[in-house]
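Now for the letters of each chain:
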Amino acid sequence: MMNQAPARALISRRAFEQNIDVVRRHTDAQLMAIVKANGYGHGVELIAQWAWEAGIDWLGLAQIDEALALRQTHTHGHILAWIYAPGANFQRAIEQNIDLSVGAQWAIEEISAAARASGRPARIHIKVDTGMTRGGFDVAELPGVFEQVKKLAEAGIVEIVGLWSHLSCADDPVSDAVTDQQVERFEQARACAQQAGVTIPLCHLAASAGILWHPKTHYDMVRPGIVLYGLSPNPARATGTDLGLEATMTLEADIILTREVPAGVGVSYGHTFVTDRPTRLAVVPVGYADGISRHASNNLSVNANGHQAPIRGVVCMDQFVAEAPDAQAGDTVVLFGPADRGFLTADDWAQKTDTINYEIFCNLGPRIVRIPVD
Ligand SMILES: *Cc1c(COP(=O)(O)O)cnc(C)c1O
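Starting afresh in each chain, residues are numbered from 1 along the sequence in its written order. Thresholds applied to this predicted model are a pLDDT of at least 70 for local features of residues and 80 or more for the giving and counting of side-chain atom pairs; totals over whole chains, interfaces and linings are not thresholded and use all residues. To obtain the side-chain values, all non-hydrogen atoms of the structure were used and water was disregarded.

## Concerning the overall build of the protein
No. 1: The helix count covers DSSP runs of H or I at least four residues long, the strand count covers runs of E at least two residues long, and both are numbered beginning at the N terminus. Per the secondary structure count, the protein includes 11 helices and 19 strands.
No. 2: A principal-axis box enclosing the C-alpha atoms of the protein has dimensions of 80 × 45 × 40 Å.
No. 3: The proportion of buried residues among the 374 residues of the protein is 53%.
No. 4: When contacts within the protein are restricted to residue pairs at least 6 apart in sequence, those whose partners lie at least 24 apart make up 65%.
No. 5: All accessibility values rest on the Shrake-Rupley procedure with a 1.4 Å probe; residue burial counts only the protein chains present in the view. Of the roughly 15,900 Å² that the protein leaves accessible, carbon and sulfur atoms contribute 50%.
No. 6: With 29 positive and 42 negative side-chain charges, the protein shows a separation of 2 Å between the mean positions of the two kinds. Each residue is assigned to one of three classes by its accessible area relative to the maximum for its type, calculated with a 1.4 Å probe on protein chains only: buried under 20%, partly exposed between the two thresholds, exposed over 50%. By definition, residues are in contact when any of their heavy atoms lie within 4.5 Å. As used throughout, the charge tally considers Lys and Arg to be positive and Asp and Glu to be negative, leaving His and the chain termini uncounted. Charged side chains are reduced to one point each, which is NZ for Lys, CZ for Arg, CG for Asp and CD for Glu.

## Description of the side chain of Thr275
No. 1: If you trace the backbone, Thr275 turns up in the loop between β13 (273–274) and β14 (279–284).
No. 2: Those residues within four positions of Thr275 in sequence are excluded, and the remaining contacts are Val261, Pro262, Ala263, Gly264, Val265 and Val267.

## Topic: the nonpolar core
No. 1: By size, the foremost hydrophobic cluster in this structure holds 119 residues, and its most contacted members are Ile126, Phe146, Leu335 and Phe336.
No. 2: Domain assignment of the residues forming this core places at least three in each of domain 1 (13–229) and domain 2 (249–373).
No. 3: Beyond its immediate chain neighbours, meaning those up to four positions away, Phe146 contacts Ile126, Leu163, Ala189, Cys192, Ala193, Ala196, Val198 and Ile200.
No. 4: In this text, buried Ala, Val, Leu, Ile, Met, Phe, Trp, Tyr and Cys residues form a nonpolar core when linked through side-chain atoms within 4.5 Å. Counting 5 residues, the second-largest nonpolar core is a separate cluster that includes Val261, Phe273, Leu281 and Val321. Note: domain ranges come from an automatic or database domain assignment.

## Quick notes on the UniProt feature "modified residue: N6-(pyridoxal phosphate)lysine" (unreviewed entry) in the protein
No. 1: UniProt positions are given in the numbering used here, feature names are shortened, and annotations may be inferred rather than shown by experiment. The UniProt feature table records "modified residue: N6-(pyridoxal phosphate)lysine" (unreviewed entry) at Lys36.
No. 2: Structurally, Lys36 is set in helix α2 (residues 36–40).
No. 3: Setting aside its immediate chain neighbours within four residues, Lys36 contacts Gly60, Leu61, Ala62, Glu66 and Trp82.

## Observations concerning the site of the ligand
No. 1: Any residue with at least one heavy atom within 4 Å of a molecule or strand is counted as near it. The environment of the ligand is made up of 13 residues, and the closest members are Lys36, Tyr40, Ser208, Ile226 and Tyr358.
No. 2: Compared with its free state, where it exposes 390 Å², the ligand has 92% of that area covered by protein.
No. 3: When each cavity is represented as a set of grid points, the ligand is found to reside in the largest pocket.
No. 4: Of the residues assigned to the shell around the ligand, the class counts are 8 nonpolar, 3 polar and 2 charged. Grid spacing is 1 Å over the protein atoms alone, the probe is 1.4 Å, and a cavity is where that probe fits but cannot get out, while a pocket is an open set with protein on both sides within 12 Å along at least five of seven lines and lining residues have an atom within 4 Å of a point. If over half the atoms of a molecule are within 2 Å of the grid points of a cavity or pocket, the molecule is regarded as sitting in it. When residue character is reported, Ala, Val, Leu, Ile, Met, Phe, Trp, Tyr, Cys and Pro are called nonpolar, Asp, Glu, Lys and Arg charged, and the others, Gly included, polar.

## Section: the environment of Leu300
No. 1: You can see Leu300 is positioned in the loop between β14 and β15 (301–304).
No. 2: For the pair Leu300 and Ser175, spaced 125 residues apart in the sequence, the C-alpha separation amounts to 32 Å.

## With respect to the pairing of strand β2 (residues 30–34)
No. 1: Of all 5 residues that make up β2, 4 are buried, and the element is covered over most of its length.
No. 2: When DSSP locates at least two bridges between a pair of strands, those strands are taken to pair. Bridge analysis of β2 against strand β9 (residues 221–222) gives 2 bridges, and the strand direction is parallel. Residue pairing in the sheet places Gln30 in a bridge with Met221 of β9.
No. 3: Of the pairings in the sheet, the one linking β2 to strand β3 (residues 58–63) comprises 3 bridges and is parallel in character. When the sheet's bridge partners are listed, Ile34 is paired in β3 with Gly60.

## Looking at empty space enclosed by the protein
Rolling a probe over the atoms, with the probe sized like a water molecule, indicates the empty space that remains.
No. 1: Grid points are joined across faces, edges and corners, and a volume is the space filled by probe spheres set on the points. In the structure shown here, the tally under the stated rule is 3 cavities of 30 Å³ or more.
No. 2: Taken as a whole, the largest cavity holds about 40 Å³ of empty space.
No. 3: In this structure, the largest cavity is lined by Gly291, Ile292, Ser293, Phe336, Trp349, Ile360 and Leu364.
No. 4: Looking at the lining of the largest cavity residue by residue, the class counts come to 5 nonpolar, 2 polar and no charged.

## Some remarks on helix α7 (residues 142–154)
Side chains that are three or four residues apart share a direction in an α-helix, a result of its 3.6 residues per turn.
No. 1: Expected helix span is computed as 1.5 Å times (number of residues minus one). For α7, with 13 residues, the first-to-last C-alpha span of 18 Å sits near the 18 Å given by 1.5 Å per residue.
No. 2: Regarding α7, the residues found buried are Leu142, Val145, Phe146, Val149 and Leu152. Down the axis of α7, the buried side of the element spans an arc of 125 degrees, and every buried residue falls inside it. Away from its buried face by more than 90 degrees, α7 exposes Lys151 and Glu154.
No. 3: Those residues of α7 that are buried lie in contact with α6 (105–118), β6 (122–127), β7 (158–164) and α8 (176–195).
No. 4: Residue Gly156 follows α7 closely and has a positive phi angle near 75 degrees. Read the arc as the range of directions from the helix axis to the C-beta atoms.

So this is what it looks like as structure tokens:
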């Protein structure tokens, strides 16, 4: 395939499907594939389609606009969105068959008004805060909430689809007590629904870490994100390889120029690297505008023809320089990819740039083309 883009993310269908199998081996619950933030940078339409073809009929995205954009091409299956502010276009979401999380009194009011206007019920998932201390109703508010939504459901204004929450410390082996407490509060929330005579078709609590390490959090549906992309939610606890996962993305770029410079030459802005001997340098056409952290400057390397080529000087907006003794213009370098091919991994990049693998993916910008492989 001819491609003009000098930097590409190769997205492996085989790896993605292998990762789904790993999740399925951990749980019998239904799966909601989390594809927010452009499918964790992998390309949301591609990932949504592959998930559907693998039998996953629930997708989760954060913002309503992300959900609406995906709905244009992904006309089948369920989509849940949970991030919005007052004044959002709930009517459009309802008409496009987007399920909505509801975790605030104002949201009940705005969403039921939109449902009345659109003449069809809003499909809602009631969000309870079990200990994340972020979004959702407190357990203490739930009796009133259930009473209210029960009436709305009886009037055909809402359809109660789910009750859900999110775990705060499920990846941390020394925080089991926190997860236990969250499960306990989730149980209280379920009991509240039952007391109010509200039937909840789908209870869901677990993301990747809950799936892997807390079976009692699985309930009816689980919401895997990072594991589908082949990375561990806590590589210090177990790496992706330990878990049987394979990185879904390989990030590569084509060298645009090589040059030989003598000793004593400063490289890139600020000359933070100065050669100490004659050196062959290669210019790699990705930079911080593409999500390559400036913390990679003089700190990480890329794989050029099977060797690690260290980044020299600072990462610029659109390019950086690496020391690559045997490279030519047009050679492809790999920044990160599957661990078993001798590449650095997104975990390596995260560790060296002081972040988590999730952020390495989400930061990747639109100039990097996503190409399906395998
Ligand atoms: C992002 C997100 C997930 C997926 O989390 P992972 O740790 O990537 O599995 C699940 N649920 C909610 C509510 C999220 O925001």
